[in-house]
Amino acid sequence: MAISAELIASVCAELFDRSLRGIPADTRQALAQAEQRESNQTARHTLRIMLQSADAARQSNHFVCSDAGIPVYFVRVGTQAKLDGDLRRAIVDGYEALVDTINPPLLPHVTHPLTLQRGHTGPGMPIITFDMVDGSDCLDITCSPKALGSGRWAALKIFSFPDLATIEAFIMEAVMEAGTQPCPPVVVGVGIGGTFDYAAKMAKEATLRPIGEVHPEPFVADMERRLAAAVNQTGFGPMGTGGTSTAYAVHVNYAAGHGFIPVAVAFNCWINRRTRARLHNDGRVEVIE
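Residues numbered from 1 in each chain as written. Predicted model: local features only at pLDDT ≥ 70, side-chain atom pairs only at ≥ 80, totals over all residues. Heavy atoms only, no water.

Draft legend 1. Spotlight on the packing of helix α6 (residues 164-178) against helix α8 (residues 218-231). It is the contact of α6 with α8, at a shortest axis distance of 11 Å, that shows an interaxial angle of 40 degrees. Note on packing geometry: the crossing formed by α6 with α8 is right-handed. In contact with Leu164, Ile167, Glu168, Ile171, Met172 and Val175 of α6, α8 contributes Phe219, Met223, Arg226, Leu227, Ala230 and Val231. (Axes fitted to C-alpha atoms, helices over the stretch in contact; angles between N-to-C directions. Helix = DSSP H or I, 4+ residues; strand = E, 2+ residues; numbered from the N terminus. Left-handed = near helix turned anticlockwise from the far one by under 90°. Contact = heavy atoms within 4.5 Å.)

Draft legend 2. Quick look at the sheet that holds strand β12 (residues 275-280). The strand order β6-β2-β7-β12-β13 describes an open sheet built from five strands, whose pairing is mixed. Across the chains shown, the open sheet's two edge strands, defined by having one partner strand only, are β6 (127-133) and β13 (285-287). For this sheet the average axis-to-axis angle between neighbouring strands, irrespective of direction, equals 20 degrees. Relative to β13, β12 is paired through three bridges, and the arrangement is antiparallel. (Pairing = 2+ DSSP bridges.)

Draft legend 3. The pairing of strand β9 (residues 186-193), seen in detail. When you tally the buried positions in β9, you get eight out of eight residues, the bulk of the element. Strand direction decides the pairing type here: β9 and strand β11 (residues 260-268), joined by six bridges, are antiparallel. From the neighbouring strand, isoleucine 192 faces β11, where its bridge partner is valine 263. (Buried < 20%, exposed > 50% of the residue type's maximum accessible area, 1.4 Å probe, protein only.)

Below you can see the structure in the form of structure tokens.
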């Protein structure tokens, strides 16, 4: 058997739709834990409202936020996966079909960068990143729509042979400049090393890591904990109401490179949109989150 274009289109449309109507289980748990830990009463009340809002959206099948963002997919293609049809075309078809049928309708957030004309489609839409996975016989697809609040405040800077203190200072500068605009509590994703484009990719992928899953290298895991503590001491708090619940987590990815070291910082807002499924050669669809 092979994975059909029709199945790919259907699954990708469903992933985008589902990402708008709830928050991931790990994110809801982190939000509830933050509400229990928070000592600032206004912030705690805000966190409680956010939990209620997320639950109400899921129960009523409504959007959590009116800004549905733009469709972004991360696709890991197994080298042993069998495809029946064009992969990118299938993802595009699924998105365009969803635009025509989703209820409530999507607002026209897709914006032409030169004319600022808004709609639902345009060059490069949806944004799709492909990676090959040796030995795998499936398609692993993650949908993480990017909206204005978190998308606007991503940052990247290239250093020459920076020390760790310089890297961490830049990460905190990016967090301070973003302030409350990314709608905290946020997941902060960091990409270090590689090249200009690859650092940004690593930062975005870092935001997709489940909350509570730390980097496997102790040195980097310590860095993540240190940065998360610093972010939560900024006083921004949930939706800018103060307190110590500015970040769910800081996740760091890195790659070797040259002496020039790019450092990228990306954010996922409190909704932490992230839906994922695996499509197998035998036609099975495995919902991961």
